[in-house]
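Remarks on the overall topology
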Amino acid sequence: MPRRSLVLAVAGLVATVAPAMAADEMLSGSFALAGGEATVEGHLAVTETAPLSLELELTYTDAGIGEPVTAFTEELTQQLHLLAVDSSLTHLVHEHVKAATADGRFATGMQVPRPGLYHIYADAVPEGRGQQVVRFDVQVGEAAADIAPAPQPFALDALIAVPIGDYEVTIDAREAQPYVEGAWHIAISKAGQPATDLSPYLGVAAHAILIRAADLSYVHAHPTEGGADTGHDAHASGHAHAPAPAENAHAGHAAPASVAPEMTLHLTPPGAGRYTLFLEFIGGGEIQTLAVPLEWPAS
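**As for the pattern of salt bridges**
Within the structure shown, the criterion is met by 9 salt bridges. A salt bridge links Lys190 to Asp197; the shortest N-O distance between them is 2.7 Å. Overall, the relative accessible area of 29% leaves Lys190 in the partly exposed class. Through salt bridges with shared partners, a single ionic network connects Glu57, Asp103 and Arg105.

In structure tokens:
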């Protein structure tokens, strides 16, 4: 499993949400997929097993008849993706579960970096019901008292370049518009040259999570390789994915898969306002996680 490296960029203001339930209680989630339709309800049991360590158990019921949901479609090698962001939208923790139990339960541990309020997004595809994203608000430990003021987000009318470890990520979203699906061009460099040590992450070139601060709505997309506009590859449009490189092969059987440093990402922002774009990719054998604050002014 690749090691994880995290970079925190600045972030904007976040939505006002109902008070979070404390750990060790059962939570009912809120539907969070931008442009989606709720077909299930999610329920999360949270146990704080140690400081900053959680045990999570998730179940779903059919929103119409209330019966348990037990069958799920695998998406990017896993049946469940759990993504937790803190209230300042600057930290992202991504866990996943290969498969539910026979009675439809998902269980996993999660380690968060600091105390505070976390928004945990459960992203799954219940069989025959389409992509479902449910958000749970969880207070972990005491409220953080040293959160820095929110700095200025990036505007989208210029190239955005953000360093992360040995890499620099350039984002060109100058043609992006709220409510409109657009092509965002991403380039990853290392030491001033296109990066040559990128690997697939869960079978795709990278993962992108776009969260709007005002209502905590969620978009999850995956870029296609190449700088040209080569096709749509986003969760929010029916999980249509271009063929992706295989995960790194075991040594002695095949050469490790590689990822091109130029990518095209298709995203549909659900309105004007402040956002954080989280981008995850594997570089040098480590998961690199970048948080980039953005803002579309109201027209």
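**Topic: the packing of aromatic side chains**
Summed over the entire model, instances satisfying the criterion amount to 6 aromatic pairs. When the centroid spacing of 5.6 Å and the interplanar angle of 50 degrees are considered together, the rings of Tyr60 and Phe72 count as tilted. On the criterion of sequence distance, the pair formed by Tyr60 in strand β6 (residues 53-62) and Phe72 in the loop between β6 and β7 (80-86) is long-range, its members being 12 residues apart. On the basis of relative accessibility, which here comes to 7%, the residue Phe72 falls in the buried class.

**A word on unusual backbone geometry**
Backbone geometry places Leu76, a non-glycine residue, at a positive phi of 55 degrees. For Ala191, which is not glycine, the phi torsion reads 55 degrees and is therefore positive. By relative accessible area, which is 74% here, Ala191 ends up exposed.

**A short note on the sheet that holds β6**
The antiparallel open sheet is built from 4 strands, whose spatial order is β3-β5-β6-β9. Edge positions in the open sheet fall to β3 (26-28) and β9 (106-111), since each of these has one partner strand only. For this sheet, the mean angle separating the axes of adjacent strands, direction not counted, is 25 degrees. Bridge count between strand β5 (residues 40-50) and β6: 10 bridges; the pairing is antiparallel. Across the sheet, Leu44 pairs through a bridge with Leu58, a residue of β6.

**Details of the pairing of strand β8 (residues 92-97)**
Extensive coverage of β8 is indicated by the burial of 5 of its 6 residues. Sheet topology places β7 next to β8; 6 bridges connect them, and they run antiparallel. When the sheet's bridge partners are listed, His81 is paired in β8 with His96. Once β7 ends, the chain turns through 5 residues before running back antiparallel as β8, passing Leu89 with a positive phi of about 55 degrees.

**Notes on the pairing of β6**
For β6, the buried fraction is high: 8 of the 10 residues fall into the buried class. What sits between β5 and β6 in their antiparallel hairpin is a turn of 2 residues, with Leu52 showing a positive phi close to 70 degrees.

**Considering the side chain of Gln79**
Position of Gln79 relative to the elements: it lies in the loop between β6 and β7. Not counting residues within four places of it along the chain, the set of residues in contact with Gln79 comprises Phe72, Thr73, Glu74, Val97, Lys98, Ala99, Ala100, Phe106, Asp123, Ala124 and Val125.

**As for the confidence of the model for the protein**
Here the protein averages 84 in pLDDT, and 79% of its residues register 70 or above. Here residues 3-19 is a poorly scored stretch, pLDDT under 50, and it has 59 contacts once near neighbours within four places are set aside; other chains count. In this model residues 229-255 is a low-confidence stretch, pLDDT under 50, and it forms 63 contacts with partners more than four residues away in sequence or in other chains.

**Digging into the environment of Asp157**
With respect to the helices and strands, the residue Asp157 is situated in the loop between β12 (154-155) and β13 (160-164). Judged by relative accessible area, which is 63%, Asp157 ranks as exposed. Remark: the alpha-carbon pair of Asp157 and Ala173, spanning 16 residues in sequence, is separated by 7.5 Å.

What counts, and at which threshold
Residues numbered from 1 in each chain as written. Predicted model: local features only at pLDDT ≥ 70, side-chain atom pairs only at ≥ 80, totals over all residues. Heavy atoms only, no water. Salt bridge = Lys/Arg side-chain N within 4 Å of Asp/Glu carboxyl O. Buried < 20%, exposed > 50% of the residue type's maximum accessible area, 1.4 Å probe, protein only. Phe/Tyr/Trp six-rings, centres within 6.5 Å; stacked < 30°, edge-to-face > 60°. Helix = DSSP H or I, 4+ residues; strand = E, 2+ residues; numbered from the N terminus. Pairing = 2+ DSSP bridges. Axes fitted to C-alpha atoms, helices over the stretch in contact; angles between N-to-C directions. Contact = heavy atoms within 4.5 Å. pLDDT = per-residue confidence, 0-100.

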